[in-house]
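Observations on the three-dimensional arrangement
Residue-level listing of the chains:
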Amino acid sequence: MNVLFVEDEAKIANFVRAGLKEQGFVVDYCDNGDEGYLRALENEYDAIVLDIMVPGKDGLSILKLLRQKGRNAPVILLTARNELNDRLEGLNLGADDYIAKPFFVEELAARIHAVVRRSGSERQNLLCVGPIKLDRITREVTCDRQAIELTSREFNLLEYLMRSPGRVFTRTQILEHVWGYDFNPNTNVVDVCIQRIRKKIDPIDQAVWIESIRGVGYRFRKPDSSS
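What this report covers is the structure whose coordinates are included nearby. In this text the structure is predicted, and so the values were computed from the model without any measurement. (Residues numbered from 1 in each chain as written. Predicted model: local features only at pLDDT ≥ 70, side-chain atom pairs only at ≥ 80, totals over all residues. Heavy atoms only, no water.)

Quick word on the nonpolar core
If you look at the biggest cluster of nonpolar residues, it comprises 27 residues, and the most contacted ones within it are Leu-157, Ile-174 and Phe-220. Contributions of two or more residues to this core are made by β6 (126–129), β7 (132–135), β8 (140–143), α7 (152–162), α8 (171–179), α9 (189–201) and β12 (217–220). Per-element accounting of this core gives the leading share, six residues, to α7. Among residues more than four places away in sequence, those in contact with Ile-174 are Leu-157, Tyr-160, Leu-161, Phe-169, Trp-179, Val-190 and Tyr-218. With 21 residues, the next largest nonpolar core counts Met-1, Ile-99, Phe-103 and Ile-112 among its residues. (Core = buried A, V, L, I, M, F, W, Y, C linked by side-chain atoms within 4.5 Å. Buried < 20%, exposed > 50% of the residue type's maximum accessible area, 1.4 Å probe, protein only. Helix = DSSP H or I, 4+ residues; strand = E, 2+ residues; numbered from the N terminus. Contact = heavy atoms within 4.5 Å.)

As structure tokens, this is what we get:
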């Protein structure tokens, strides 16, 4: 799942980012409300984890603005343990859940899964393109009903491409969304990971589903209308 995480306390941010990534989440992180609000408008996220007290726009202001603009991604608020009024206001503004600091990252991960299940339909959680099906909740992938074993990174990359069949993504875009903004842009890890995924799909279905666009990047092919 793609998660936007807005938190200005570096120690908490590093701990949560590492913990969520270990559990297979793709974490887009920023440390201030202004940038977080812009990213929430510009990108689709499965969930947003939002600290109430951040520099720039505070968390409640971000939540209010997003809901006013019709952005319905599930939002989990991070609050101080004794701030009951903030929690109540957040829920009234459209927050899906809240979690009080300090917390265990395992609990946060479970709450993210829960709000996504509540807000998402089966169609959103199950991506089906051609013979390939990807379940974003169970993290299972099949091709022609045969299970495909993918690493966490391979799964995240395949999901990112499958969410927009026919759209071309540059290597930089893939790096930023699957590996993170701080990853070396000159690396060839995207190409290597794509090749590994293809090797697992090709023996089952020889059609080229992940297409290379010379000089640009990759796209997941739209199936033919007759497929």
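Text resumes after the structure shown.
A look at the packing of aromatic side chains
Applying the stated criterion to the full structure yields three aromatic pairs. Their ring planes at 45 degrees and their centres at 4.5 Å tell us that Tyr-160 and Phe-169 sit as a pair that is tilted. Taking the relative accessible area as the measure of exposure, Tyr-160 reaches 10% and is therefore buried. Ring centres 6.0 Å apart and planes at 20 degrees place the aromatic pair Trp-209 and Phe-220 in the stacked group. (Phe/Tyr/Trp six-rings, centres within 6.5 Å; stacked < 30°, edge-to-face > 60°.)

With respect to the packing of α8 against α9
Two quantities define a packed helix pair, namely the angle between the helix axes and the distance between the axes. α9 packs onto α8 with a crossing angle of 80 degrees between their chain directions and a minimal axis gap of 10 Å. When the axis of α8 is compared with that of α9, the two are roughly perpendicular. Between α8 and α9, the residues in contact are Arg-171, Ile-174, Leu-175 and Trp-179 and Val-189, Val-190, Asp-191 and Cys-193, respectively. Looking at the contact of α8 with α9 residue by residue, the class counts come to six nonpolar, no polar and two charged. (Axes fitted to C-alpha atoms, helices over the stretch in contact; angles between N-to-C directions. Parallel < 35°, antiparallel > 145°, perpendicular 65-115°, else oblique. Nonpolar A, V, L, I, M, F, W, Y, C, P; charged D, E, K, R; others polar.)

These figures come from the coordinates and say nothing about function on their own.
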